[in-house]
Structures are given as C-alpha cells and as structure tokens.
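Residue-level structural notes
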Amino acid sequence: MLLPRIIPCLLLKDKFLVKTIQFSNPKYIGDPLNAVKIFNEKQVDELIILDIEASKNNIEPNYSLIEKLANESRMPFCYGGGVKNIEQMRSIIELGAEKIAISSSAIYDSKIITEASNIFGAQSIVVVLDVRKRRFSSGYEVVVNNGKKYTGFSPEMIIERSINKGAGEILINSYDNDGMRKGYDLDFIKTIKNKYHIPFTFLGGADNSDSILELWKNIGIVGAAAGSMFTLKGKYRAVLIQYPSFEEKKELYKKIHNLKLK
C-alpha cells in the first residue's frame, strides 16, 4: 500500500528558522542545522526548507547553508527560496538537495519548469503556490511576496499550466490558514485534488495528527506538510521540535487502512 508522507516545512529568515501566522509576525525557532539533526533522529519522511526573504528581496540562495543542510540531512530534502534560473538549480542539486521548490519564477516564467524538468527530472521540481481567498469576490487567488501581492491568477490556472510544463509535484500553501492551527482548508483542497492527477502536498493549518488524518480521510494520498505542528507546542507557542513517533505513525496508517483511503 502506498503511504502518504508527513513533512515538516521549515521557514528561513536571515539564516534562522522562524514560524509565521498568515505570513507575518515571525517567531524565532532556532538554528536550522539543529532542527535537521533532531528530525534525522525522528526518521522524518521528507523535509522542506523555504527561505521566505530570498525571492521577496531578490537575494541569491544561501549556498553555504544549503550545503550544510544537505550534508546533515538523512531524509529527502527540498529547498526553495530565491530560485530563478537553471544555474541556481544546478548548484542546489549538486550541493545535495533532492528537490527544488520554485514559486514566483514558475508563475511568471513557466518555461523554466520545462527546462528544469528536462535537465533534472520532473521528480525534482516542486511548484509552490501560496493561495489566498480573494478580497472582493469568491474563490481563491495565487499570491506572492509572502502573501502581500495578488497575482490575478487562479490556483487552477497555474496548476494546470505547471503540469503541462512538466512539474513533478505541486505544493499548495494556504495563506489564510498559515499558523492558525485550525486544520487544513479541506473544501478548497477537495476542489483541487479531484481535478488533477499529480503528486500534491498541502500546507497550512495542521494542529496535530488528527488534522493530518482528516486530510487523508477526505482527500486521499497526499503529502501532509506542516510548520507549527512540528516546531511549536501549546497555546503559548513554546518552541519544541517534534514529529510523530514510529508507533504513532503506525496507528495513523492503521486508521488510514480502516478508512479505505482513496
């Protein structure tokens, strides 16, 4: 049976880890290398690290830090942030990352998806879409610049184009649910997952294992990514790096089987 992935998503700002609420009020989490060491011990399925300042401020990816993270990581590692061209991607892959996450460049220059997929393989290219409810009408819209700028593009438009251009995976991050710990936006996710046949990972809103189980119960086999759930504990948001134990994951998978996961 194909098992879904449980994926910590860590945010970088000024070389340190932070956690945001609706992309604002970053809370200091700690040193990224220490977090990777802890996640190694916890046998994490996969790790996503996104630099939230690089694209916004037109900063080159921090190759020195990427190399250290890749060398330390004993799990599949995806990096994103400030990636705009093939040479940057090549450097990141050569430093040891298994996947590259691209966002703004995939939205505004989609031919880069095809070029990157042809060179590195579609399985290495993850298109990341930050999605936010529209302000003055119904539906959702893709946003950039940490959720501050509406692009005018619907998620469906960018997803379909990304698939046609050769993306191997789509990661959808909910602006409205970011850091809120009220569960995934299942209504929106259903409308997306039912339309397209490509590996998806969803991020934004997970509070605990029940949030992940509810996602799988309603959606099927998708990547379940989270930030706060794996880095903060309790109502006072105390910093604690955590991840389901082997036994906890076994119980989750048993429940999946009983639910006859799609």
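Higher on the page you've got the structure.
Below is a short write-up of the structure. (Residues numbered from 1 in each chain as written. Predicted model: local features only at pLDDT ≥ 70, side-chain atom pairs only at ≥ 80, totals over all residues. Heavy atoms only, no water.)

Burial within strand β4 (residues 47-51) is extensive, with five of its five residues counted as buried. Strand direction decides the pairing type here: β4 and strand β5 (residues 77-80), joined by four bridges, are parallel. By the bridge assignment, Ile 48 is partnered in β5 with Cys 78. For the crossover that starts at β4, traverses helix α2 (residues 63-72) and ends in the parallel β5, the hand is right-handed. (Buried < 20%, exposed > 50% of the residue type's maximum accessible area, 1.4 Å probe, protein only. Helix = DSSP H or I, 4+ residues; strand = E, 2+ residues; numbered from the N terminus. Pairing = 2+ DSSP bridges. Right-handed = clockwise from strand over helix to strand, strands pointing away.)

Note that Gly 121 resides in the loop between α5 (111-120) and β7 (125-133). With a relative accessible area of 16%, Gly 121 lands in the buried category. In this structure the C-alpha to C-alpha distance between Gly 121 and Gly 168, which are 47 residues apart in sequence, comes to 8.0 Å.

Here the focus is the packing of helix α3 (residues 86-94) against α5. It is at 11 Å that the axes of α3 and α5 come closest, and there the two elements cross at 35°. The handedness of the crossing between α3 and α5 is right-handed. Between α3 and α5, the residues in contact are Ile 86, Met 89, Arg 90 and Ile 93 and Ile 112, Glu 115, Ala 116, Ile 119 and Phe 120, respectively. Considering only residue class, the contact of α3 with α5 consists of seven nonpolar, no polar and two charged. (Axes fitted to C-alpha atoms, helices over the stretch in contact; angles between N-to-C directions. Left-handed = near helix turned anticlockwise from the far one by under 90°. Contact = heavy atoms within 4.5 Å. Nonpolar A, V, L, I, M, F, W, Y, C, P; charged D, E, K, R; others polar.)

By size, the foremost hydrophobic cluster in this structure holds 71 residues, and its most contacted members are Ile 102, Tyr 184, Phe 200 and Trp 216. If one sorts the elements of this core by residue count, helix α8 (residues 209-219) sits on top with five residues. Formed by 14 residues, the second largest nonpolar core is a distinct cluster that contains Ile 7, Leu 50, Cys 78 and Leu 171. (Core = buried A, V, L, I, M, F, W, Y, C linked by side-chain atoms within 4.5 Å.)

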